[in-house]
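Residues per chain are reported as follows:
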Amino acid sequence: FKPQKLTTGGVDLPDKEEPPVEWDIQFSDPSSSQRAKKKRLSVRSVDGIIKLSDIQSGDYVKYINKKKIGPSYNAARLRAMMDQLWQDEGVLSIEVGNHDGEDILVEATVVKPRANLTHEEMGLTVWIWGVLCIKQIDKDSLFSHTCLKETDHVMSINNIECEKLTPKAFHHILNELPREMTIVVLRKKHRWSGGFK
């Protein structure tokens with residue numbers, strides 16, 4: 001079994017005084033040769049703010065705003081659903097998989113609705129649990145719309161390595177970063193079940 005690499009891009013609508021967020025993602029329908037239960041929509045191209053994430057052409061779509069995307073969806077229906085979610089909820093969380101991934105890494109890219117948002121307002125708390133880990137993600141917070149989970153090992157934020165950071169230093173960076181933030185975490189495989197924690 002080769003573990004898949006998961007990525008996500010989550011974006012939030014800005015306040016009125018902030019410039020609009022530009023984004024685009026196009027999908028390809030499953031090939032006719034795939035079995036019905038194995039049919040998966042794949043990413044064809046990305047543009048705008050989604051380019052900040054690690055989502056790339058060839059990734060298959062797993063969840064949109066935590067809604068599982070099954071074989072009944074086609075590219076047009078999925079894109080229409082995303083446009084409606086963006087309009088109704090102001091948030092998009094895109095979780096994709098790629099069986100060619102070598103590492104068990106999860107990435108979340110979010111956009112602050114305003115630049116001076118604090119980590120408390122974003123609802124993300126980290127602590128040292130052997131290594132720097134996510135301690136809590138508040139319900140209905142900015143990060144609750146991503147696929148990050150409590151106990152994920154924080155590897156980097158906006159390409160700043162976090163291996164030696166204290167929780168206080170991480171929270172300070174989170175507060176001071178510009179609107180776009182990309183957090184990469186390591187999700188360990190369970191040694192008994194073979195699943196992911």
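Reading guide: rules and limits
- Residues numbered from 1 in each chain as written.
- Predicted model: local features only at pLDDT ≥ 70, side-chain atom pairs only at ≥ 80, totals over all residues.
- Heavy atoms only, no water.
- Helix = DSSP H or I, 4+ residues; strand = E, 2+ residues; numbered from the N terminus.
- Buried < 20%, exposed > 50% of the residue type's maximum accessible area, 1.4 Å probe, protein only.
- Areas by Shrake-Rupley, 256 points an atom, 1.4 Å probe, with all protein chains shown as cover.
- Core = buried A, V, L, I, M, F, W, Y, C linked by side-chain atoms within 4.5 Å.
- Contact = heavy atoms within 4.5 Å.
- Arc of directions from axis to C-beta.
- Phe/Tyr/Trp six-rings, centres within 6.5 Å; stacked < 30°, edge-to-face > 60°.
- Salt bridge = Lys/Arg side-chain N within 4 Å of Asp/Glu carboxyl O.
- Pairing = 2+ DSSP bridges.

J.: For this particular structure, what's the right way to read the overall build of the protein?
T.: Regarding its fold elements, the protein presents three helices and twelve strands. Among the 197 residues that make up the protein, the fraction classed as buried is 47%. Accessible area of the protein: about 10900 Å², with a carbon and sulfur share of 50%.

J.: How should the nonpolar core be read in this particular structure?
T.: Where a protein is soluble and globular, its nonpolar side chains tend to be buried together. Judged by nonpolar contacts, the single largest core of 25 residues is most densely connected at Phe143, Val154, Phe170, Leu174 and Ile183. Looking at this core, the elements with two or more residues in it are strand E7 (105-111), strand E8 (124-129), strand E9 (131-137), strand E10 (153-157), helix H3 (167-176) and strand E12 (180-186). Setting aside its immediate chain neighbours within four residues, isoleucine 183 contacts Val106, Glu107, Ala108, Leu124, Phe143, Val154, Ser156, Ile157, Phe170 and Leu174. Counting 24 residues, the second largest nonpolar core, distinct from the first, contains Ile64, Met81, Leu92 and Ile94.

J.: Can you help me understand H3 in this one?
T.: Given 3.6 residues to a turn, an α-helix orients residues that are three or four positions apart in the same direction. Buried residues of H3: Phe170, His171, Ile173 and Leu174, and no others. Down the axis, H3 shows its buried residues gathered within 160 degrees of arc, on one side only. For H3, exposure combined with an orientation more than 90 degrees from the buried face picks out Lys168 and Glu176. Those residues of H3 hidden inside the fold are in contact with helix H2 (119-122), E8, E9, E10, strand E11 (160-161) and E12.

J.: Would you take a moment to explain the packing of aromatic side chains for this structure?
T.: Across all of its chains, the model carries two aromatic pairs by this definition. A centroid spacing of 5.6 Å and a plane angle of 55 degrees characterise the contact between tryptophan 23 and tryptophan 86, whose relative ring orientation is tilted. With tryptophan 23 in strand E2 (residues 23-28) and tryptophan 86 in helix H1 (residues 75-89), the pair connects residues that are 63 residues apart, well separated along the chain. Assessed through its relative accessible area of 14%, tryptophan 23 is described here as buried.

J.: So what exactly am I meant to see when it comes to the pattern of salt bridges here?
T.: A complete count under the given rule lists five salt bridges for this structure. Its salt-bridge partner being aspartate 83, residue arginine 79 comes within 3.0 Å of it at the nearest N-O pair. Of the two residues, arginine 79 and aspartate 83 both sit in helix H1, four residues apart, roughly one turn of that helix. Overall, the relative accessible area of 18% leaves arginine 79 in the buried class. Here glutamate 121 and arginine 114 are joined by a salt bridge, their closest N and O atoms 2.6 Å apart.

J.: Mind showing me how you'd approach the side chain of serine 144 here?
T.: With respect to the helices and strands, serine 144 occurs in the loop between E9 and E10. Note on serine 144: relative accessible area 14%, which makes it buried. Ignoring any residue separated from it by four or fewer positions in sequence, one finds serine 144 in contact with Lys66, Ile137, Asp138 and Lys139.

J.: Would you mind going over the pairing of E10 with me for this structure?
T.: Working note: regular strand, side chains alternate between the two faces of the sheet. Counting buried positions over the five residues of E10 gives four, a clear majority of the element. Pairing of E10 with E11 involves two bridges; the strand directions are antiparallel. Counted as the bridge partner of serine 156 is glutamate 161 from E11. Between E10 and E11, which pair antiparallel and follow one another directly, the connecting turn spans two residues, one of which, asparagine 158, has a positive phi of 50 degrees.

J.: What is the right way to read unusual backbone geometry from this model?
T.: Trans peptide bonds make up most of the peptide bonds, and negative phi angles are found at most residues other than glycine. In the Ramachandran plot, lysine 66 falls in the positive-phi region, its phi being about 65 degrees despite a non-glycine side chain. Tracing the backbone shows lysine 66 in the loop between strand E4 (60-64) and strand E5 (67-68). With a phi close to 65 degrees, asparagine 159 is a non-glycine residue in the positive phi region. Along the chain, asparagine 159 falls in the loop between E10 and E11. On the accessibility criterion, asparagine 159 (77% relative accessible area) is exposed.

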